[in-house]
Number of protein chains: 2
Amino acid sequence: MRRQADYSLYLVAVPQFCAGRPVEEVVAAALDGGVTVVQLRDKECTTRRYVETAERLSGLLRPRGVPLIINDRLDVAQAVGADGVHLGQSDMPVVAARRLLGPDALIGLSVDTPQQGATANELDVDYLGVGPVYATSTKRDTTAEWGPEGLRALRAESRHLLVGIGGIDAGNAADVVRAGADGVAVVSAICAADDPRRAAAELRRAVQTGRAGPPPAEPGF
Amino acid sequence: MRRQADYSLYLVAVPQFCAGRPVEEVVAAALDGGVTVVQLRDKECTTRRYVETAERLSGLLRPRGVPLIINDRLDVAQAVGADGVHLGQSDMPVVAARRLLGPDALIGLSVDTPQQGATANELDVDYLGVGPVYATSTKRDTTAEWGPEGLRALRAESRHLLVGIGGIDAGNAADVVRAGADGVAVVSAICAADDPRRAAAELRRAVQTGRAGPPPAEPGF
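Residues numbered from 1 in each chain as written. Chains lettered and ligands numbered in written order. Predicted model: local features only at pLDDT ≥ 70, side-chain atom pairs only at ≥ 80, totals over all residues. Heavy atoms only, no water.

Remarks on the sheet that holds strand β6 (residues 127–130) of chain A
Residue and element names in this part refer to chain A.
Stage number 1. Read around the closed barrel, 8 strands run β1-β2-β3-β4-β5-β6-β7-β8, paired in parallel fashion. Going from strand to strand, the sheet's axes swing by 25 degrees on average, the running direction of each strand aside.
Stage number 2. By the bridge criterion, 3 bridges tie strand β1 (residues 9–13) to strand β8 (residues 183–186) in an arrangement that is parallel. Pairing of Leu-9 across the sheet is with Val-184, part of β8. (Pairing = 2+ DSSP bridges. Helix = DSSP H or I, 4+ residues; strand = E, 2+ residues; numbered from the N terminus. Axes fitted to C-alpha atoms, helices over the stretch in contact; angles between N-to-C directions.)

Take a look at the structure:
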């Protein structure tokens, strides 16, 4: 049976965005704050370093039962026994990844457009990374923003769990959840935060707030 | 049983070095000229493109029984059913690669120094890529040249098959073989050649010449 993961607060840990701190230091703090899943993403390092960093994160996450997902690199995921991979539209095709990793691996897919979101209904993935929800400077290779409306429309069409990403912080995370996201993913909001534990805790609370229902009505005139 | 490969003439196919031609066009010509093994190396492309290029090369090589080896990326090798991987000192550790790919995969390792060559005796690899034998502009991250003397010294110490790489052409390939190499690897000498078929054929003849024994003595005074 496929393992279920809790995508409520999904940290995309990018070593280059950790403000000079070791990524494992940031991840450890974020775990204390309530992060429920961690993706390691490093597009710049050697394979050797990717494996070494992934091994350190695996050592942090495994005792806590928090899944480790590796961006793009199935080989790195396999080498460290990670829980799965996150694939972009230019990464390994999902069909090949599922064949190589087997039915128990977590496989996530980035969808940048409604068309990609629709196509994903045919694919054996565990969740979709939907982004950017809001404008962001972290990823520049994306096109238009989904906005809460786009996310809501995708929610109506998709059979998959949805994780919003892009420009999400504690101030708008509840809106993303209300629009239908099963969780929110962040890079800088935690990696670059002065206090990653507190940033994670605030985001986690915002997700809970979003799940509790619509915002209180504005007082009428 | 481990599959045996013929490393006599080893083409490292780098798409960026093919003078604007599709890499499969260059590889097809080189196969006609007598290349015995092909490595695909692309450090710059997306995973998706790496897989697609590897699939096209696999389609060329498989009918001819010529092994396809993928540089660095075990995931790409697995996705296309390649014969193995070539690993640098900053790539996946050999132990992890062997564990993931199994006993039948071809695994090559680059050794840049005598120390690395000695350490490799402890590793379960199929061959060593020994380079640079001569000065080269293709790889700039390497240190001192091995020269034929260094290669000869490694030959005396190593239990592995040795493939020389770096600055090798039809004019010096015989010397590399005489120094103890089981084969020669080239990038630009074939990829950038006006006529890759002819370049390969000339290199192949030079390897045969080297195997035939020492060069004819200079006429004495």
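As for the relation of the copies chain A and chain B
Stage number 1. You can overlay chain A on chain B at an RMSD of 0.0 Å; the transform is a turn of 180 degrees with a shift of 0.0 Å along its axis. Seen this way, the second copy is the image of the first under a two-fold rotation axis. Across chain A, the rotation axis passes nearest the C-alpha of Asp-75 of chain A, at a separation of 2.4 Å.
Stage number 2. Same-surface contact between copies: 100% of interface residues of chain A are shared with the interface of chain B. (Least-squares fit on C-alpha atoms with pLDDT ≥ 70 in both. Contact = heavy atoms within 4.5 Å.)

Quick look at the interface of chain A and chain B
Quoted interface sizes are often the accessible area lost when the parts come together.
Stage number 1. If you look at the interface, chain A gives 19 residues, while chain B gives 19 residues.
Stage number 2. Summing both sides of the interface, chain A and chain B together bury roughly 1600 Å²; the carbon and sulfur share of this comes to 53%.
Stage number 3. Area buried by chain A at its contact with chain B is led by Arg-48, Asp-75 and Met-92 of chain A, which between them contribute 32% of it.
Stage number 4. The tally of links between chain A and chain B comes to 2 salt bridges. (Buried area = accessible area lost by both parts, 1.4 Å probe. Salt bridge = Lys/Arg side-chain N within 4 Å of Asp/Glu carboxyl O.)

Quick word on the packing of helix α1 (residues 23–33) of chain A against helix α9 (residues 196–211) of chain A
All names here are of chain A.
Stage number 1. Viewed as axis vectors pointing N to C, α1 and α9 meet at an angle of 35 degrees, and their least axial separation amounts to 7 Å. Of the two possible hands of crossing, α1 and α9 adopt the one that is right-handed. Counted together, Val-26, Ala-29, Ala-30, Asp-32 and Gly-33 of α1 and Pro-196, Arg-197, Ala-200, Ala-201 and Arg-204 of α9 form the full contact between these two elements.
Stage number 2. Its residues assigned to classes, the contact of α1 with α9 shows 6 nonpolar, 1 polar and 3 charged. (Left-handed = near helix turned anticlockwise from the far one by under 90°. Nonpolar A, V, L, I, M, F, W, Y, C, P; charged D, E, K, R; others polar.)

Looking at α9 of chain A
All names here are of chain A.
Stage number 1. Along its 16 residues, α9 runs 23 Å from first to last C-alpha, staying within 8% of the 22 Å computed at 1.5 Å per residue.
Stage number 2. Those residues of α9 not exposed but buried are Pro-196, Ala-199, Ala-200, Ala-201, Leu-203, Ala-206, Val-207 and Gly-210.
Stage number 3. On the buried face of α9, the contacting elements are β1, α1, α7 (173–178), β8 and α8 (188–191).
Stage number 4. Remark: Gly-213 follows α9 within two positions and exhibits a positive phi of approximately 130 degrees. (Expected span 1.5 Å × (residues − 1). Buried < 20%, exposed > 50% of the residue type's maximum accessible area, 1.4 Å probe, protein only.)

Considering the nonpolar core
Stage number 1. If you look at the biggest cluster of nonpolar residues, it comprises 138 residues, and the most contacted ones within it are Ile-190 of chain A together with Ile-190 of chain B.
Stage number 2. If we ignore the near neighbours within four places in the chain, the residues touching Ile-190 of chain A are Leu-11, Val-26, Ala-30, Val-35, Pro-196, Ala-199, Ala-200 and Leu-203 of chain A.
Stage number 3. With 12 residues, the next largest nonpolar core counts Ala-5, Tyr-7, Val-163 and Ala-185 of chain B among its residues. (Core = buried A, V, L, I, M, F, W, Y, C linked by side-chain atoms within 4.5 Å.)

Section: the packing of aromatic side chains
Stage number 1. Tallied over the entire structure, the rule returns 6 aromatic pairs over all chains.
Stage number 2. Between Tyr-7 of chain B and Tyr-10 of chain B, the ring centres sit 6.5 Å apart and the planes meet at 20 degrees, which makes this aromatic pair stacked. One exposure class covers both Tyr-7 of chain B and Tyr-10 of chain B, and it is buried.
Stage number 3. Each residue in the set Tyr-7, Tyr-10 and Tyr-127 of chain A is aromatic and connected to the rest through ring pairs, giving one cluster. (Phe/Tyr/Trp six-rings, centres within 6.5 Å; stacked < 30°, edge-to-face > 60°.)

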